[in-house]
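Chain residues, written in single-letter form:
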Amino acid sequence: MCGIVGAVASRNIVPVLVEGLRRLEYRGYDSCGVAVNRNGLERARSTTRVADLAAQVETDHLDGLTGIAHTRWATHGAPSTDNAHPHFSRDEIAVVHNGIIENYEELRTELKAAGYVFTSQTDTEVIAHLVHHLYKGDLLAAVKQAIARFSGAYAIAVFTKSEPHRVVGARFGSPLVAGLGNGENFLA
Ligand code: GLU
C-alpha cells in the first residue's frame, strides 16, 4: 500500500500534487501518476520516479484546479504504465486507490457484462467503472453506493469531469486525512 493525494483549489494544483507524491516516496513505490480535470480528464503516469513524472507533467503542460495523484505498490497486476493509477472509466471518472478490493473479480465480471472495457489488470479499475455505472449526477452518492459493494481495505480519491470542482474520498481500514484550507482542500 502506498500513497494518494487529492486537491481542489482555485490555483493550478499540479505542483501540490507532485510535492505530495514526493513526500510519500519514502514509503516505497513501483509507479506513480497524476490526473487533472481540464476540459475533461488528463493524466500522466510513470513506472520510474516521481522526479520523472514531474518532468513529464512539465513537458505535457498538465495543469488544473482539481486533481488526484498516486504512488503505487502493485498488489494486482505488474508495475506497468497501464496498471499505474489514476484509472479512468470512459474518460469521465478518475480514481486513485490504496489497498485491495478483495471481491474485484466478481465486480469485474458484472461490469464486463454491463459493457465496460478493462485496460488494466488491477483490482482498482473496478472502482472507476462501478462509480461510472452508478453515477446519476452526484459523485458523493455514486461513491457511497460503490463502496457498499467493496470488501477489503482501501482509501480512494475520485473525481468526475461532470463536477469539475469536486474530489470525493472514502476509506475503510486504510488511513485518509482531509486538509481544509482557505478556498482549497486536500486529501492524503
Ligand atoms: N491494489 C491496487 C493496485 O495493485 C493498489 C495498490 C496500492 O495500494 O498502491 O493497483
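Since the structure is predicted, the reported quantities are computational estimates derived from the model, not experimental observations.

Undergrad: In this structure, what is going on with the site of the ligand? I would like to understand it.
TA: Among the 16 residues in the neighbourhood of the ligand, the closest are listed as R72, T75, H85, G99 and D123. Between the ligand and R72 there is a distance of 2.6 Å, counted from an oxygen atom to a side-chain nitrogen or oxygen. Take H85: an N or O atom from its side chain is 2.8 Å from an oxygen atom of the ligand. For the ligand, whose accessible area on its own is 290 Å², the fraction buried by protein is 100%. Given that more than half its atoms are within 2 Å of the pocket grid, the ligand belongs to the largest cavity. Elements supplying a minimum of two residues to the shell around the ligand: strand 4 (66-72) and strand 6 (93-101).

Undergrad: In this structure, what is going on with the sheet that holds strand 3 (residues 41-46)? I would like to understand it.
TA: The strands making up a sheet are joined through hydrogen bonds of the backbone, oriented either antiparallel or parallel. Pairing is antiparallel in the open sheet, where 6 strands are placed in the order 3-2-4-1-10-9. Every other strand in the sheet has two partners, leaving strand 3 and strand 9 (178-180) as the edge strands with one partner each. When strand polarity is set aside, the average angle formed by the axes of neighbouring strands in this sheet is 10 degrees. Direction of pairing for strand 2 (residues 31-37) relative to strand 3: antiparallel, over a ladder of 6 bridges. If you follow G33 over to strand 3, its bridge partner there is R45. Sitting on the sheet, helix 1 (residues 14-24) is in contact with strand 1 (3-8), strand 2, strand 4 and strand 10 (185-187), with an inclination near 160 degrees to strand 1. Of the strands in this sheet, strand 2, strand 3 and strand 4 touch helix 2 (residues 50-59), which is tilted by about 140 degrees from strand 3.

Undergrad: It is not clear to me how the packing of helix 4 (residues 125-134) against helix 5 (residues 139-147) should be interpreted in this structure. Could you clarify?
TA: When two helices pack together, their arrangement is captured by the angle between the axes and the distance separating the axes. Interhelical geometry of helix 4 versus helix 5 gives an angle of 120 degrees and a closest axis separation of 8 Å. As the angle between them shows, helix 4 and helix 5 are arranged oblique. In this structure, helix 4 crosses over helix 5, and the sense of that crossing is right-handed. Across the interface between the two elements, L130, V131 and L134 of helix 4 pack against L139, A142, V143, Q145 and A146 of helix 5. Considered class by class, the residues forming the contact of helix 4 with helix 5 number 7 nonpolar, 1 polar and no charged.

Undergrad: Help me understand the sheet that holds strand 5 (residues 87-89) in this model?
TA: If you walk across this open sheet you meet the 4 strands as 5-6-7-8, and the pairing is antiparallel. Both outer strands of the open sheet, strand 5 and strand 8 (168-172), are each paired with one neighbouring strand and no more. Here the strands of the sheet are splayed against their neighbours by 20 degrees on average, with no regard to which way each runs. In the sheet, strand 5 pairs with strand 6 via 3 bridges, with the strands oriented antiparallel.

Undergrad: Mind showing me how you'd approach the packing of helix 3 (residues 104-113) against helix 4 here?
TA: Packing of helix 3 against helix 4 leaves a shortest axis separation of 10 Å and a crossing angle of 45 degrees. Our classification of the angle between helix 3 and helix 4 gives oblique. In this structure, the crossing between helix 3 and helix 4 has a hand that is left-handed. Side by side, helix 3 and helix 4 meet where Y104, L107, R108 and L111 of the first sit next to V126, H129, L130 and H133 of the second.

About the thresholds
Residues numbered from 1 in each chain as written. Predicted model: local features only at pLDDT ≥ 70, side-chain atom pairs only at ≥ 80, totals over all residues. Heavy atoms only, no water. Near = heavy atom within 4 Å. Polar contact = N/O pair within 3.5 Å; in protein donor to acceptor, adjacent residues only side chain to side chain. Areas by Shrake-Rupley, 256 points an atom, 1.4 Å probe, with all protein chains shown as cover. 1 Å grid on protein atoms, 1.4 Å probe; cavity = no way out; pocket = protein on both sides within 12 Å on 5 of 7 lines; lining within 4 Å. Sits in = over half its atoms within 2 Å of the grid points. Helix = DSSP H or I, 4+ residues; strand = E, 2+ residues; numbered from the N terminus. Pairing = 2+ DSSP bridges. Axes fitted to C-alpha atoms, helices over the stretch in contact; angles between N-to-C directions. Contact = heavy atoms within 4.5 Å. Parallel < 35°, antiparallel > 145°, perpendicular 65-115°, else oblique. Left-handed = near helix turned anticlockwise from the far one by under 90°. Nonpolar A, V, L, I, M, F, W, Y, C, P; charged D, E, K, R; others polar.

Everything listed is a geometric property; what it means functionally is a separate question.
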